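The lines below spell out each chain.
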Amino acid sequence: MGLLDNKIVVGSMNRGGLQGSVFEYDDRYTAYTISRIVEDGLDFAKNLVRINLGDPATARTLELSAIAVDVAAKAKVPLMIEPFLSTWVDGKAQNVLSADAVALTISIAQGLGSSSAYSWLKVPVVDGMERVMEATTLPTLLLGGETHGRLDSAFASWQSALTLPGVKGLVVGRRLLYPADGNVEQAVDIAAAMVHPNH
């Protein structure tokens, strides 16, 4: 229908580990496959890799993620790996958003598979991003974070992080789609100008 023309389209691959379930960290690949992404002509694949050092199910998630990285590389499909250090808090999965935690997950994620030739990272913006980005040479996209909170402070943190080596852009959907003032067009324009300042 032409709705996806001139757009980058991403196929999300996993999330078999349902939120709130006892098997949440056993995040199997139950959505897009690389072969279907190729067949449908999509541009990118994406997988979430939550790493809970205290949950044995993490080992299977890492194994399946390594296989996904290999399959993507063989098919020459760029793959965004979205790693989080995560833990159980009162029976709920909760991500750890410190510079040390993000750097650790980057180190783990970039070692998945036998080739990182088509691997990208998708990481949250946290305090100490300079130290975080020293952990990798992979191309990196920045997450937008939660929808609550002031958007101008988010803009400032994105702007600063975008100047770091290896940072290539933003993946910030909900943060821009639901701004507090409701002005989606303005929020998108501001973010786009950060990524493409000369356009």
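Here the residue index of a chain counts from 1 through its sequence in written order. Reporting in this predicted model follows two pLDDT cut-offs: at least 70 for local features of residues, and 80 or more for side-chain atom pairs to be given and counted; totals over whole chains, interfaces and linings ignore these cut-offs and use all residues. Side-chain measures here rest on the full set of heavy atoms in the structure, leaving out hydrogens and waters.

Participant: Help me understand the side chain of Asp 26 in this model?
Facilitator: A run of DSSP states H or I qualifies as a helix once it reaches four residues; a run of E qualifies as a strand once it reaches two. Both are numbered from the N-terminal end. Counting through the fold element by element, Asp 26 comes out in the loop between strand E1 (10-12) and helix H1 (34-40). The cut-offs for exposure are 20% and 50% of the maximum accessible area for each residue type, with area from a 1.4 Å probe on protein chains only; residues under the lower value are buried, those over the upper are exposed, and the others partly exposed. Judged by relative accessible area, Asp 26 falls into the buried class, the value being 14%. Pairs of N or O atoms within 3.5 Å make up the polar contacts considered here, provided that, within protein, one atom can donate a hydrogen while the other can accept it, and that residues adjacent in sequence are counted only when both atoms are side-chain atoms. Within the structure, the side chain of Asp 26 is placed 3.0 Å from the side chain of Arg 28, a separation counted as a polar contact. Here, two residues are considered to be in contact whenever any of their heavy atoms come within 4.5 Å of each other. Setting aside its immediate chain neighbours within four residues, Asp 26 contacts Gly 16, Gly 17, Ala 57, Arg 60 and Thr 61.

Participant: Help me understand the packing of aromatic side chains, please; the structure alone is not making it clear to me.
Facilitator: We describe a pair of aromatic rings using the distance from one ring centre to the other and the angle between the two ring planes. Centres within 6.5 Å make a pair out of two Phe, Tyr or Trp rings, where for Trp the six-membered ring is used; the pair is then stacked when the planes are under 30 degrees apart, edge-to-face when over 60, and tilted otherwise. Within this structure, the stated rule accounts for 3 aromatic pairs. When the centroid spacing of 5.3 Å and the interplanar angle of 80 degrees are considered together, the rings of Phe 44 and Trp 120 count as edge-to-face. Separated by 76 residues along the polypeptide, Phe 44 in strand E2 (residues 44-51) and Trp 120 in strand E5 (residues 119-123) bring together distant segments of the chain. Taking relative accessible area as the criterion, Phe 44 reaches 11% and is therefore assigned buried. The class of Trp 120 is partly exposed, set by a relative accessible area of 24%. A centroid spacing of 5.5 Å and a plane angle of 80 degrees characterise the contact between Phe 155 and Trp 158, whose relative ring orientation is edge-to-face. Placement of the pair is Phe 155 and Trp 158 together in helix H5 (residues 151-161), with a separation of 3 residues, close to one helical turn. For Trp 158, a relative accessible area of 1% corresponds to the buried category. Both a distance and an angle decide whether a charge sits over a ring: NZ of Lys or CZ of Arg must be within 6 Å of the ring centre and within 35 degrees of the ring normal. The ring centre of Tyr 25 lies 5.6 Å from the NZ or CZ of Arg 50, which sits over that ring.

Participant: In this structure, what is going on with the pairing of strand E6 (residues 140-143)? I would like to understand it.
Facilitator: Side-chain direction in a regular strand flips from residue to residue, so the side chains alternate between the two faces of the sheet. Note that E5 and E6 share 3 bridges and pair parallel. Each residue of the ladder has a partner; that of Leu 121, found in E6, is Thr 140. Examined bridge by bridge, E6 and strand E7 (residues 167-171) share 4 bridges and lie parallel to one another. The residue bridging Thr 140 from the neighbouring strand is Val 167, located in E7. By definition, two strands form a pair when at least two bridges between them are found by DSSP.

Participant: Is there a simple way to explain the packing of H5 against helix H7 (residues 184-195) in this structure?
Facilitator: When two helices pack together, their arrangement is captured by the angle between the axes and the distance separating the axes. The convention used is that axes are lines fitted to C-alpha atoms, helices contributing only their stretch in contact, and that angles between N-to-C directions extend from 0 to 180 degrees. Relative orientation of the contacting elements H5 and H7 amounts to 15 degrees, with a least axis distance of 10 Å. Relative to H7, the element H5 is oriented roughly parallel. Crossing hand, H5 versus H7: right-handed. Two secondary-structure elements touch here, H5 through Leu 151, Phe 155, Trp 158 and Gln 159 and H7 through Ala 187, Ile 190, Ala 191 and Met 194. Roughly parallel covers angles under 35 degrees, roughly antiparallel covers those over 145, roughly perpendicular covers 65 to 115, and oblique covers all other angles. For any helix crossing, the convention is left-handed if the near helix is rotated counterclockwise from the far helix by under a right angle, and right-handed if that rotation is clockwise.

Participant: Just to check I follow, could you spell out the pattern of salt bridges for this structure?
Facilitator: Once their charged atoms are close, side chains differing in charge can pair, the charge on each being opposite to the other. The working definition used for a salt bridge is a side-chain nitrogen of Lys or Arg within 4 Å of a carboxyl oxygen of Asp or Glu. Across all of its chains, the model carries 8 salt bridges by this definition. Taking the shortest distance from any N to any O, the salt bridge between Glu 82 and Lys 46 comes out at 3.2 Å. Here Lys 46 lies in strand E2 and Glu 82 lies in strand E3 (residues 79-89), a separation of 36 residues in the sequence. For the pair Glu 82 and Lys 46, one class covers both residues: buried.

Participant: Please clarify how unusual backbone geometry should be interpreted in this entry.
Facilitator: Of all residues except glycine, most have a negative phi; of all peptide bonds, most are trans. Even without glycine at this site, Asn 6 takes up a positive phi of about 60 degrees. You can see Asn 6 is positioned in the segment before E1. Of note, the phi angle at Asp 90 is positive, near 55 degrees, even though the residue is not glycine. When you line up the elements, Asp 90 lands in the loop between E3 and strand E4 (92-95). For Asp 90, a relative accessible area of 79% gives the class exposed.

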